[in-house]
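The chain contents come next:
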Protein chains: 2
Amino acid sequence: MSSSVGTPWKQLLLCSIQANSRLNHSSYLQLATVSANDRPSNRTVVFRGFMDDTDKILIHSDIRTRKIDDLKHSPFAEICWYFSDTWEQFRISGRVEVIDGTNTDPSKLEQRASSWFASSLKSRLQYTSPAPGIPLSSQQPLLDDRAGPAPAFCLLVFDPHEVDYLNLKSSKRVMFSSGSNIWTSEEVSP
Amino acid sequence: MSSSVGTPWKQLLLCSIQANSRLNHSSYLQLATVSANDRPSNRTVVFRGFMDDTDKILIHSDIRTRKIDDLKHSPFAEICWYFSDTWEQFRISGRVEVIDGTNTDPSKLEQRASSWFASSLKSRLQYTSPAPGIPLSSQQPLLDDRAGPAPAFCLLVFDPHEVDYLNLKSSKRVMFSSGSNIWTSEEVSP
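The written sequence of each chain sets the order in which its residues are numbered from 1. Here the convention is simple: chains get letters from A, ligands get numbers from 1, in the order in which they are written. Residues qualify for local features only when their pLDDT is at least 70, as the model is predicted, and side-chain atom pairs are given and counted only at 80 or more; totals for whole chains, interfaces and linings, by contrast, use all residues. Only hydrogens and water are set aside when side-chain values are computed; all heavy atoms of the structure are taken into account.

By the naming in an unreviewed UniProt entry, chain A is pyridoxal 5'-phosphate synthase, taken from Genlisea aurea. The annotation that UniProt attaches to chain A under Cofactor (unreviewed entry) is "FMN". UniProt positions are given in the numbering used here, feature names are shortened, and annotations may be inferred rather than shown by experiment.

Caption draft 1: Spotlight on the overall build of chain A. Across its full length, chain A carries 4 helices and 8 strands. In this text, helices come from DSSP runs of H or I with a minimum length of four residues, and strands from runs of E with a minimum of two, each type numbered from the N-terminal end. Counted from the first residue to the last, chain A has its helices and strands arranged as α-β-β-β-α-β-β-α-α-β-β-β. Radius of gyration here uses only the C-alpha atoms, and the compact-globule reference equals 2.2 Å multiplied by the residue count raised to the power 0.38. Radius of gyration (C-alpha) of chain A: 18 Å, near the 16 Å computed for a compact globule of 190 residues. Across its three principal directions, the C-alpha atoms of chain A cover 55 × 35 × 35 Å. Each of the 190 residues in chain A was classed as buried or not, and the buried ones make up 49%. Here the analysis covers contacts within chain A between residues at least 6 apart in sequence; of these, 62% occur between residues at least 24 apart. Here chain A displays about 9,100 Å² of accessible surface, and carbon together with sulfur accounts for 51% of that area. Counting rule applied: Lys, Arg positive; Asp, Glu negative; His and chain ends not counted. Charge positions come from single atoms, namely NZ of Lys, CZ of Arg, CG of Asp or CD of Glu. Distance between charge centres in chain A, computed from 20 positive and 21 negative side chains, equals 6 Å. The classification of residues rests on relative accessible area computed with a 1.4 Å probe and restricted to protein chains. Under 20% of the type maximum is buried, over 50% is exposed, and intermediate values are partly exposed. By the convention used here, residues are in contact when the closest approach between their heavy atoms is within 4.5 Å. A 1.4 Å probe and the Shrake-Rupley method give the accessible areas. Residues count as covered only by the protein chains that appear here.

Caption draft 2: Highlighting the pairing of strand β8 (residues 182–188) of chain A. All names here are of chain A. Any two strands with at least two DSSP bridges between them are considered paired. Relative to β8, strand β7 (residues 172–179) is paired through 7 bridges, and the arrangement is antiparallel. The partner of V174 across the bridge, within β8, is E187. Hairpin remark: β7 followed by β8, antiparallel, with 2 residues in the connecting loop; positive phi at S180, about 45°.

Caption draft 3: Structural view of the packing of aromatic side chains. Only centres within 6.5 Å qualify two rings of Phe, Tyr or Trp (six-membered ring in Trp) as a pair; their planes then separate them into stacked at under 30 degrees, edge-to-face at over 60, and tilted for everything else. Inspection of every chain in the model, using the stated rule, returns 22 aromatic pairs over all chains. Measuring from ring centre to ring centre gives 5.0 Å for Y127 of chain A and F153 of chain A, while their planes differ by 90°; the resulting arrangement is edge-to-face. Here the residue Y127 of chain A occupies a position in the loop between α4 (121–125) and β6 (153–167), and F153 of chain A occupies one in strand β6, the gap between them amounting to 26 residues. Taking relative accessible area as the criterion, Y127 of chain A reaches 7% and is therefore assigned buried. What makes F153 of chain A buried here is its relative accessible area of 0%. Connected via pairs of aromatic rings, a cluster forms that spans W9, F47, F50, W81, F83, F90, Y165 and W183 of chain A. The criterion for a charge sitting over a ring is simple: Lys NZ or Arg CZ within 6 Å of the ring centre, and within 35 degrees of the ring normal. K10 of chain A extends its terminal NZ or CZ atom over the ring of F50 of chain A, reaching a point 4.4 Å from the ring centre. In this arrangement the basic side chain of R39 of chain B is found over the ring face of F76 of chain A, its NZ or CZ atom lying 3.6 Å from the centre.

Caption draft 4: Local environment of the interface of chain A and chain B. Each side of the interface is counted separately: chain A has 39 residues, and chain B has 39 residues. Accessible area that two parts lose when put together, evaluated with a 1.4 Å probe and summed over both, is termed the buried area. In total, chain A and chain B occlude about 3,300 Å² of area from one another, counting both sides; carbon and sulfur atoms represent 55% of this. If you sort the residues of chain A by the area they bury against chain B, P40, N42 and S189 of chain A come out on top, with a joint share of 19%. The salt bridge criterion pairs a side-chain nitrogen of Lys or Arg with a carboxyl oxygen of Asp or Glu, the two atoms within 4 Å. Across the contact surface, chain A and chain B share 0 salt bridges. In protein, a polar contact means a hydrogen-donor-capable atom and an acceptor-capable atom, both N or O and within 3.5 Å, with residues adjacent in sequence counting only if both atoms are side-chain atoms; elsewhere, any N or O pair within 3.5 Å suffices. Remark: the boundary between chain A and chain B carries 15 residue pairs in polar contact (both at pLDDT 80 or more). Contributions of two or more residues to the side of chain A that touches chain B are made by β1 (28–34), β2 (40–46), β4 (76–83), β5 (88–99), β6 and β8 of chain A.

Caption draft 5: Inspection of the UniProt feature "domain: Pyridoxamine 5'-phosphate oxidase Alr4036 family FMN-binding" (unreviewed entry) in chain A at higher detail. Feature annotation in UniProt assigns "domain: Pyridoxamine 5'-phosphate oxidase Alr4036 family FMN-binding" (unreviewed entry) to the following positions: residues 7–99 of chain A. As a span, residues 7–99 of chain A carries 22% helix and 43% strand, and end to end its C-alpha atoms are 25 Å apart.

Caption draft 6: Region of interest: the relation of the copies chain A and chain B. When the copies are overlaid, the least-squares fit takes in C-alpha atoms only where the residue has pLDDT of at least 70 in both copies. For the pair chain A and chain B, the superposition axis carries a translation of 0.0 Å, the fit reaches an RMSD of 0.0 Å, and the rotation angle comes to 180°. Both copies of the chain, as the preceding transformation shows, are related through a two-fold rotation axis. Looking at the interface residues of chain A, 100% of them are also at the interface in chain B, so both copies use one shared face.

Caption draft 7: A look at the pairing of β4 of chain A. Residues and elements named next belong to chain A. Among the 8 residues of β4, 8 are classified as buried, and the element is accordingly described as predominantly covered. Looking at chain direction, β1 and β4 are connected through 3 bridges and run antiparallel. Within β4, the position partnered with Q30 by the bridge is C80. Following β4, the chain reverses through 4 residues before pairing antiparallel with β5; W87 in that reversal takes a positive phi of roughly 55°.

As structure tokens, then:
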């Protein structure tokens, strides 16, 4: 189901990423989840690529953030990714798997470690800092660059099941839906 | 409760809007809601200013879009607004009131009409187009620029109750909460 070559929206997304690559923020997207109190949460996260040759989207997170609580409550999420140079929006809804250090699948732990080493030292450092959202302390984190993933580091694997593409320049809107191992698409009014 | 002068996050937000104003997309924000199936929805909308001198945020929408169904199901929403020039993020959670043409409060209908006339002809035209998300037809909309709000036009009034501010340049994060007619703030770890 997740083979990438035959996924039409993935090709479109890769083109948008390429066309907007001069902008640092083009890899920033907004991830919405539902909290345990049934209210929506929304935050900016960084796109970390696709998992191998699938259409699953990789995101790094800190297990101490509220989004992990949200995802334990409900694994469903919606990405809103706006490309400001090309005026394109991708709304991608799907299901998120959280891979932390307690995962029992060796291949998933390997994927997590590989994501850890692929990120910058500065990025890694934040996972050894005091938990996000707590009152400030003067605690200073230290990090050995050969050390494996910090306990707080987790990998989010976002598995898309619907993509709503909108091009504001051409007023073109296409809905992509997955079902029975196949993606279908339909052009709709913007 | 919504008096603007004493609202510290509003001042911060106005500064960010000003500092990023060279970018057209700086008025674009992502609005997350919860759908009737309890899954999150997320889309880009345009900031249309504050309501009078309050801290309520105005957004225009089409009553035929899914977000209106979402808001009927649950009025709670969360804005994620990232400013790409200054590396600042505002996450604003609150409650949304939908003002459409069936509203029985004359002052709210007046606010809706005033928002309608404040928007461009091109913006207005989309509310007379075929409903968003339906298969394409060749129907062509027409619009008299003196005509009042199209039936599909509605005004969303977003009433914030919590603001999570993050500055990625300074690594400063401040949480603002409202309660008993007063806003309080606390600096927390990023």
